[in-house]
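Observations on the three-dimensional arrangement
Residues per chain are reported as follows:
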Amino acid sequence: MGVRAVVAESYERIHRSNLIGRGVLPLEFTGSDGASSYTFTGEEELTFEGVDAVSVGSSPVLLRVTRGDGRVETVALRLRIFSGQELSYLRHGGILPYVVRRTLDRS
């Protein structure tokens with residue numbers, strides 16, 4: 001379906017792990033921010049900055065929201081990665097591409 005990221009106020013561990021396993025970034029609002037702090041119509045262009053620099057732990061990611069009228073809002077997010085294995089899954093686009101690449105490398 002082309003989903004590359006999901007932004008929520010928080011995740012249960014199993015849901016966060018399932019998103020990572022599919023190569024989807026489980027991003028979280030920071031501080032008192034939440035979904036109700038912003039109005040989204042579906043017409044916005046969303047750009048995520050800092051995704052290439054993520055590491056194990058909590059990494060900051062900046063969301064730039066470009067509205068239809070050209071206004072730009074920035075939203076501070078975080079991406080929590082609990083292990084090197086999760087980081088590998090994300091970098092490969094999910095568990096399946098990770099396993100396929102590993103299998104091909106061994107043959």
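The structure displayed is predicted, hence computed values, not measured ones. (Residues numbered from 1 in each chain as written. Predicted model: local features only at pLDDT ≥ 70, side-chain atom pairs only at ≥ 80, totals over all residues. Heavy atoms only, no water.)

**Quick notes on the packing of helix α1 (residues 13-21) against helix α2 (residues 84-92)**
- At a closest axis distance of 8 Å, the pairing of α1 and α2 adopts a crossing angle of 45 degrees. Here α1 is positioned oblique relative to α2, judged by the angle of their axes. Contacts from Arg16, Ser17 and Ile20 of α1 reach α2 at Glu86, Tyr89 and Leu90.
- Residues belonging to the contact of α1 with α2 are distributed by class as follows: three nonpolar, one polar and two charged. (Axes fitted to C-alpha atoms, helices over the stretch in contact; angles between N-to-C directions. Helix = DSSP H or I, 4+ residues; strand = E, 2+ residues; numbered from the N terminus. Parallel < 35°, antiparallel > 145°, perpendicular 65-115°, else oblique. Contact = heavy atoms within 4.5 Å. Nonpolar A, V, L, I, M, F, W, Y, C, P; charged D, E, K, R; others polar.)

**What to know about the nonpolar core**
- Membership of the largest hydrophobic core comes to 17 residues, with the highest contact counts inside it found for Val75, Leu77 and Leu79.
- Within the residue set of this core, elements represented by two or more residues are β2 (25-29), β4 (57-66), β5 (72-81) and α2.
- A total of four residues in this core trace back to one element, the largest contributor, which is β5.
- When sequence neighbours within four positions are dropped, the list of residues in contact with Val75 reads Phe29, Asp33, Tyr38, Val61, Leu62, Leu63 and Val65. (Core = buried A, V, L, I, M, F, W, Y, C linked by side-chain atoms within 4.5 Å. Buried < 20%, exposed > 50% of the residue type's maximum accessible area, 1.4 Å probe, protein only.)

**Quick word on the packing of aromatic side chains**
- Scanning all chains against the criterion turns up three aromatic pairs.
- Between Tyr38 and Phe40 the ring centres are 6.2 Å apart and the planes differ by 40 degrees, which places this aromatic pair in the tilted class.
- Since its relative accessible area comes to 15%, Tyr38 is described here as buried.
- By relative accessible area, which is 38% here, Phe40 ends up partly exposed.
- For the ring pair Tyr89 and Tyr98, a centre distance of 5.2 Å and an interplane angle of 80 degrees mean the geometry is edge-to-face. In this pair, the class of Tyr89 matches that of Tyr98, namely buried. (Phe/Tyr/Trp six-rings, centres within 6.5 Å; stacked < 30°, edge-to-face > 60°.)

**Some thoughts on the confidence of the model for the protein**
- Averaged over all residues, the pLDDT of the protein is 93; the fraction at 70 or higher stands at 99%.
- By mean pLDDT, helix α3 (residues 95-106) is the weakest element of the protein at 92, and β2 is the strongest at 97. (pLDDT = per-residue confidence, 0-100.)

**What about the side chain of Arg16?**
- By secondary structure assignment, the location of Arg16 is in helix α1.
- Ignoring anything within four residues of it in the chain, the contact list for Arg16 reads Tyr11, Pro26, Arg80, Ile81, Phe82 and Glu86.

**Remarks on α2**
- The complete set of buried residues in α2 reads Glu86, Leu87, Tyr89 and Leu90. Take α2 and look down its axis: the buried residues cluster within an arc of 160 degrees, on one side only.
- Of the surrounding secondary structure, the elements contacted by the buried residues of α2 are α1, β2, β5 and α3.
- Positive backbone phi, approximately 90 degrees, marks Gly93, located one or two places after α2. (Arc of directions from axis to C-beta.)

**A word on the sheet that holds strand β1 (residues 5-8)**
- Strand order across the open sheet formed by five strands is β1-β2-β5-β4-β3, with mixed pairing between neighbours. Both edges of this open sheet fall to β1 and β3 (45-49), since each of them pairs with a single strand only. Shown here is a sheet whose adjacent strand axes are inclined to one another by a mean of 35 degrees, direction ignored.
- Sheet topology places β4 next to β5; 10 bridges connect them, and they run antiparallel. From the neighbouring strand, Val61 faces β5, where its bridge partner is Leu77. (Pairing = 2+ DSSP bridges.)

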